[in-house]
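Structural overview
If you want the building blocks of each chain, they are given just below.
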Amino acid sequence: MIQQKVRKAVIPAAGFGTRFLPATKATPKEMLPLVDKPLIQYGVEEAVAAGCTDIIIVTGRGKTTMEDHFDRAPELEAALRARGKTELLRIACSVTKLARISYVRQPEALGLGHAVLMAKELIGNEPFAVILPDDIVDGEVACLKQMVEAFDETQSTILGSEVVEGDAISLYGCLDCVPDPINPRLLDISNLVEKPKPQDAPSQNAIIGRYILTPRIFELLEQVQPGSGGEIQLTDAIKALLQFEKVYGFHYVGKRYDAGDKLGFLQATVDLAIKHKDVGPAFRDWLQKQSF
Ligand code: G1P
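First, a word on what this report is: a plain description of the structure on this page. (Residues numbered from 1 in each chain as written. Predicted model: local features only at pLDDT ≥ 70, side-chain atom pairs only at ≥ 80, totals over all residues. Heavy atoms only, no water.)

Attention shifts here to the pairing of strand E11 (residues 205-213). Buried residues dominate E11, accounting for nine of its nine residues. In this structure, strand E6 (residues 128-131) lies alongside E11, joined through four bridges in antiparallel fashion. Bridge assignment links Val130 to a residue of E11, and that residue is Tyr211. Relative to E11, strand E8 (residues 157-163) is paired through five bridges, and the arrangement is antiparallel. Note on E11: the bridge partner recorded for Val163 is Asn205. (Buried < 20%, exposed > 50% of the residue type's maximum accessible area, 1.4 Å probe, protein only. Helix = DSSP H or I, 4+ residues; strand = E, 2+ residues; numbered from the N terminus. Pairing = 2+ DSSP bridges.)

Running from N to C, helix H3 (residues 74-82) and helix H4 (residues 86-94) cross one another at 160°; their axes reach a closest spacing of 9 Å. Classified by the angle their axes make, H3 and H4 are roughly antiparallel. In this structure, the crossing between H3 and H4 has a hand that is left-handed. Judged by residue contacts, Leu76, Glu77, Leu80 and Arg81 of H3 engage Leu88, Leu89, Ala92 and Cys93 from H4. (Axes fitted to C-alpha atoms, helices over the stretch in contact; angles between N-to-C directions. Parallel < 35°, antiparallel > 145°, perpendicular 65-115°, else oblique. Left-handed = near helix turned anticlockwise from the far one by under 90°. Contact = heavy atoms within 4.5 Å.)

Here the focus is the packing of helix H10 (residues 262-275) against helix H11 (residues 280-289). Relative orientation of the contacting elements H10 and H11 amounts to 120°, with a least axis distance of 6 Å. The orientation of H10 with respect to H11, classified from their angle, is oblique. Taking contact as the criterion, the partners of Val270, Ala273 and Ile274 in H10 are, on H11, Gly280, Phe283, Arg284 and Leu287. A per-class count over the contact of H10 with H11 returns five nonpolar, one polar and one charged. (Nonpolar A, V, L, I, M, F, W, Y, C, P; charged D, E, K, R; others polar.)

Looking at the ligand, the residues that line it are Leu112, Leu132, Asp135, Tyr172, Gly173, Glu194, Lys195, Ile207, Gly209, Tyr211, Gln233 and Thr235. Between the ligand and Gly173, the relevant distance is 2.9 Å, taken from an oxygen atom to a main-chain nitrogen or oxygen of the residue. Here Ile207 contributes a backbone N or O atom positioned 2.6 Å from an oxygen atom of the ligand. Expressed as a share of its isolated accessible area of 380 Å², the protein-covered part of the ligand is 74%. Here the element with the most residues in the shell around the ligand is E11; it accounts for three residues. Of the residues in the shell around the ligand, the class split is five nonpolar, four polar and three charged. (Near = heavy atom within 4 Å. Polar contact = N/O pair within 3.5 Å; in protein donor to acceptor, adjacent residues only side chain to side chain. Areas by Shrake-Rupley, 256 points an atom, 1.4 Å probe, with all protein chains shown as cover.)

Let us now look at the pattern of salt bridges. On inspection of all chains with the given rule, the structure shows 24 salt bridges. Its salt-bridge partner being Asp134, residue Lys29 comes within 3.0 Å of it at the nearest N-O pair. One end of the pair, Lys29, is in the loop between strand E1 (8-12) and strand E2 (33-34); the other, Asp134, is in the loop between E6 and strand E7 (135-138), and 105 residues separate them in sequence. Like Lys29, the residue Asp134 is buried in the burial classification. (Salt bridge = Lys/Arg side-chain N within 4 Å of Asp/Glu carboxyl O.)

The tally for this structure, following the rule as stated, stands at three aromatic pairs. Both rings, one in Phe20 and one in Phe265, keep their centres 5.3 Å apart while their planes meet at 70°; by these two values the pair is edge-to-face. Of this pair, Phe20 sits in the loop between E1 and E2 while Phe265 sits in helix H10, placing them 245 residues apart in sequence. The residues Phe20 and Phe265 share a single accessibility class, namely buried. Centroid distance Phe128 to Phe218: 5.1 Å. Interplanar angle 10°. Geometry classified as stacked. Of this pair, Phe128 sits in strand E6 while Phe218 sits in helix H8 (residues 217-223), and the two are 90 residues apart along the sequence. Note on accessibility: Phe128 and Phe218 belong to one class, buried. Sitting over the face of the ring of Tyr42, Lys37 holds its NZ or CZ atom 4.8 Å from the ring centroid. (Phe/Tyr/Trp six-rings, centres within 6.5 Å; stacked < 30°, edge-to-face > 60°. Lys NZ or Arg CZ within 6 Å of the ring centre and 35° of its normal.)

The next thing to look at is the nonpolar core. Ile40, Ile55, Ile57, Leu144 and Ile212 are the most contacted members of the largest nonpolar core, which has 39 residues in total. Mapped onto this core, the elements with two or more residues apiece are E1, helix H1 (39-49), strand E4 (54-59), helix H2 (64-70), E6, helix H7 (143-154), E11 and strand E12 (247-251). Among the elements that line this core, the one with the most residues is H7, at six residues. Excluding residues that lie within four positions of it along the chain, Ile212 makes contacts with Val6, Phe128, Ala129, Leu144, Met147, Val148, Phe151, Thr157 and Ile158. Counting residues in hydrophobic clusters, the runner-up holds 31 residues, among them Leu132, Leu175, Ile217 and Ala240. (Core = buried A, V, L, I, M, F, W, Y, C linked by side-chain atoms within 4.5 Å.)

Bringing helix H9 (residues 234-241) into the picture now. The buried fraction of H9 amounts to six of the eight residues, a majority that puts the element mostly inside the structure. Inspection of H9 places Leu234, Thr235, Ala237, Ile238, Ala240 and Leu241 among the buried residues, and these make up the whole buried set.

For the rest of this paragraph, the subject is H7. The terminal C-alpha atoms of H7 lie 17 Å apart, and with twelve residues this matches the ideal 16 Å at 1.5 Å per residue to within 8%. Among the residues of H7, those classed as buried are Cys143, Leu144, Gln146, Met147, Val148, Ala150 and Phe151. (Expected span 1.5 Å × (residues − 1).)

Along the chain, Leu21 connects to Pro22 via a cis peptide bond; the corresponding omega equals 5°. Its place among the elements puts Pro22 in the loop between E1 and E2. Even without being a glycine, Val35 presents a positive backbone phi close to 65°. Positionally, Val35 belongs in the loop between E2 and strand E3 (37-38).

Below, the structure is given as structure tokens:
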């Protein structure tokens, strides 16, 4: 069998970001910054760290600032050059060189599965990653890189997963699974349920916004009917994929933040700010002096 490589990543970014209103009324939630980089850039950098060279961002109306962010900015560059601000110039230009980025629009918010389907033509017949930019995973080795390594072994669909507490499982796709006997980080999946009621959840293993999918997923996404929330769910198409192919969960090493939620966003901001090479030491100092 020819070893297939994961070269492309899809980043769905067409949602409304209602949990952040009014901030997201005119600004895409993916452009909200964690310290000094917008959420979407963390997603792109993680895909690049995992070896992806081509990124497809699924976007929608009112979201063109994402495209501007990854594009050249000649006026800004000229101004920085004229003022001798070489470090800022380097930072502004480095964003444009991260990867080959393409954009495809999702005309209607019909669900995550539908958003991924928009990338079908640009992906073609090869395995690919999906990164949900709301989920920020901080760790020594990028979460998607760990998953790509597992894919290189299994050549099968792999879903990022972590164990969540109690009723929180009903916010996620949920895995019915047992650990693989050889690699206990891999979970052998027998069923998936999107956002089950807590009492119906087959386990506490939640799907986190990192996926490596085989291209057969597209024909299943075309067939799957609206599910949870009346939306075309990626989880339902992956469940259908189980009839044909092996699907694994993967317990990655790293700390995840739900940056699509105000509390998670603030937690990520504080943790990343503490580690930040410029503001980190002063921020930590300031935090320690506060009496909460
Ligand atoms: C989506 C998926 C869900 C997954 C979650 C991870 O849900 O549908 O299966 O567990 O992302 O963040 P959403 O958070 O978009 O409602």
